[in-house]
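Take a look at the letters that make up each chain.
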Amino acid sequence: MWIYEKKLEIPVRVSKPDLQMAKFLITQYGGPDGELSAALRYLNQRYSMPNERAKALLTDIGTEELGHLEVIATLVHKLVKDATPEQMRAAGLGSHYADHDKALFYVDANGVPWTAAYIQAKGDPIADLCEDIAAEEKARATYQWLINLTDDPDVIQVLTYLREREVVHSQRFREALYIVEEFNNTKRIF
Amino acid sequence: MEYSDTLRRLQEVEFGLVELQFYLDINPEDQRAIHQYNYLSDELHRLKHQYELKHGPLMQYGFSQSPANQWAWVSTPWPWEIEY
Ligand SMILES: [Fe+2]
């Protein structure tokens, strides 16, 4: 069961409309290393995760990723909400407008729709935790590339926060991997 | 809709709790962290109550009470509509 809380994890502000930035940012909504991928990856891996601590961690990080999905959605929404069709067309969002108007959609920066092929579940705790660590590092790098693409201080503030969250997630997953490997090693000795 | 000080404080406390939650998942035997978690959890409930009296229910499905005279869930602003 999930309970919705009617608030964002952090305040989200933009200094000016920026359609091009919205086009880039949408990849963290529906792209391969985005927040939808992250939430669905972790929440789905829980059922076959044998380690108790890792199971709890997948639940809790997966839930925070859903909160980040809403942060990204709010950023994109605020960047595009006042745009005209002409402005969207000029910013390379004409094809998005044709299919979705200003609705958000789960696509990457090139407009390619989200697919389950972006995520993995091997059922092996070491394979899955390695996948999760790699996913966090890819998300961290994506946030850095997005920061490099804007000069809006308000947008940079939100993206920097999200980048740092990926660093924390990666660290916790590394600790979970260490615990699982330790357990496997002691099993072999005794 | 203006961003309120109570909401800012709520976000700060909840952030601390998210961090402690992950930490405790990995270190469930750390009693000092459990104590911190419960302390912040008390603070969170206090702040939520304070926020909801002024700005309406934060959570659905009975996890928040509604004001008696109106179903405020449909009329209070959504997170993406707030001017922070
Ligand atoms: Fe993450």
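Computed from a predicted structure; not experimentally measured.

Comments concerning the overall build of chain A
1) Next: Counting secondary structure elements, chain A contains eight helices and zero strands.
2) Next: Each helix (α) and strand (β) of chain A, taken in turn from the N terminus, gives the series α-α-α-α-α-α-α-α.
3) Next: If one aligns the C-alpha atoms of chain A with their principal axes, the spans along those axes are about 70 × 30 × 30 Å.
4) Next: Here chain A holds 190 residues, and the buried ones make up 50% of them.

Considerations on the interface of chain B and chain A
1) Next: Contacts between chain B and chain A engage 31 residues on the former and 32 residues on the latter.
2) Next: For the pairing of chain B and chain A, the buried interface totals around 2700 Å² over both sides, and the portion due to carbon and sulfur atoms is 61%.
3) Next: Note that E5(A) is salt-bridged to K48(B), the shortest N-O span being 3.5 Å.
4) Next: In terms of residue count, helix α1 (residues 5–26) of chain B provides more of the side of chain B that touches chain A than any other element does, 12 residues in total.

A closer look at the packing of aromatic side chains
1) Next: Inspection of the entire model under this criterion finds seven aromatic pairs over all chains.
2) Next: With a centroid separation of 5.9 Å and an interplanar angle of 55 degrees, the aromatic rings of Y161(A) and F15(B) are classed as tilted. Here F15(B) lies in helix α1 and Y161(A) lies in helix α8 (residues 153–189), a pairing that spans two chains.
3) Next: Linked through ring pairs, Y4(A), W73(B), W78(B) and W80(B) together constitute an aromatic cluster.
4) Next: Looking at K6(A), its charged tip hangs above the ring of W73(B), at a distance of 4.9 Å from the centre.

Quick word on helix α2 (residues 31–55) of chain B
All names here are of chain B.
1) Next: Between the first and last C-alpha of α2 there are 35 Å, a value that for 25 residues agrees with the 36 Å anticipated at 1.5 Å per step.
2) Next: Considered for burial, the residues of α2 that qualify are A33, L40, S41, E43, L44, L47, K48, Y51 and H55.
3) Next: Looking at the buried residues of α2, the elements they touch are α1.
4) Next: Looking at the residues trailing α2, positive phi occurs at G56, about 95 degrees.

Looking at the confidence of the model for chain B
One rule of thumb: low pLDDT means the predicted coordinates there are not for detailed reading.
1) Next: With 98% of its residues at a pLDDT of at least 70, chain B reaches an overall mean of 95.
2) Next: In the model output, the complex is listed with pTM 0.96 alongside ipTM 0.95.

A few points about the packing of α1(B) against α2(B)
Residues and elements named next belong to chain B.
1) Next: α2 packs onto α1 with a crossing angle of 155 degrees between their chain directions and a minimal axis gap of 9 Å. Put simply, α1 runs roughly antiparallel to α2. Note on packing geometry: the crossing formed by α1 with α2 is left-handed. In contact with T6, L7, R9, L10, V13, E14, G16, L17, L20, Q21, Y23 and L24 of α1, α2 contributes A33, I34, Q36, Y37, L40, S41, E43, L44, L47, K48, Q50 and Y51.
2) Next: Classifying every residue of the contact of α1 with α2 by side-chain character gives 14 nonpolar, six polar and four charged.

A few points about the coordination of the iron ion
Residues and elements named next belong to chain A.
1) Next: For the iron ion, every protein donor is listed as E65 (OE), E136 (OE), E136 (OE), E166 (OE) and H169 (ND1), and the spread of their distances is 2.0 to 2.6 Å.
2) Next: Donor residues for the iron ion, ordered by position in the chain, follow E-x70-E-x29-E-x2-H. Here the residue E136 occupies a position in helix α7 (residues 125–148), and H169 occupies one in helix α8, the gap between them amounting to 33 residues. By the burial criterion, E136 is buried, and H169 matches it.

Observations regarding the environment of G16(B)
1) Next: One can find G16(B) in helix α1.
2) Next: As for G16(B) and S41(B), which are separated by 25 residues in sequence, their C-alpha atoms are 9.7 Å apart.

A word on the side chain of Q45(A)
1) Next: On the secondary structure map, Q45(A) appears in helix α3 (residues 35–45).
2) Next: A distance of 3.1 Å separates polar atoms of two side chains, one belonging to Q45(A) and the other to D132(A).

Comments concerning the environment of G123(A)
1) Next: As for its position among the elements, G123(A) is in the loop between α6 (94–100) and α7.
2) Next: Non-local contacts of G123(A), meaning those with residues more than four positions away in its chain, are made with S48(A) and D128(A).

Remarks on the pattern of salt bridges
1) Next: Within this structure, the stated rule accounts for 18 salt bridges over all chains.
2) Next: Its salt-bridge partner being R46(B), residue E43(B) comes within 3.1 Å of it at the nearest N-O pair. With E43(B) and R46(B) both in helix α2 and three residues apart, the pair spans about one turn of that helix.
3) Next: The network of salt bridges with shared partners includes E5(A), K7(A), E14(B) and K48(B).

Cut-off values and rules
Residues numbered from 1 in each chain as written. Chains lettered and ligands numbered in written order. Predicted model: local features only at pLDDT ≥ 70, side-chain atom pairs only at ≥ 80, totals over all residues. Heavy atoms only, no water. Helix = DSSP H or I, 4+ residues; strand = E, 2+ residues; numbered from the N terminus. Buried < 20%, exposed > 50% of the residue type's maximum accessible area, 1.4 Å probe, protein only. Contact = heavy atoms within 4.5 Å. Buried area = accessible area lost by both parts, 1.4 Å probe. Salt bridge = Lys/Arg side-chain N within 4 Å of Asp/Glu carboxyl O. Phe/Tyr/Trp six-rings, centres within 6.5 Å; stacked < 30°, edge-to-face > 60°. Lys NZ or Arg CZ within 6 Å of the ring centre and 35° of its normal. Expected span 1.5 Å × (residues − 1). pLDDT = per-residue confidence, 0-100. Axes fitted to C-alpha atoms, helices over the stretch in contact; angles between N-to-C directions. Parallel < 35°, antiparallel > 145°, perpendicular 65-115°, else oblique. Left-handed = near helix turned anticlockwise from the far one by under 90°. Nonpolar A, V, L, I, M, F, W, Y, C, P; charged D, E, K, R; others polar. Donors = N, O, S within 2.8 Å, 3.2 Å for Na, K, Ca; no water. Polar contact = N/O pair within 3.5 Å; in protein donor to acceptor, adjacent residues only side chain to side chain.

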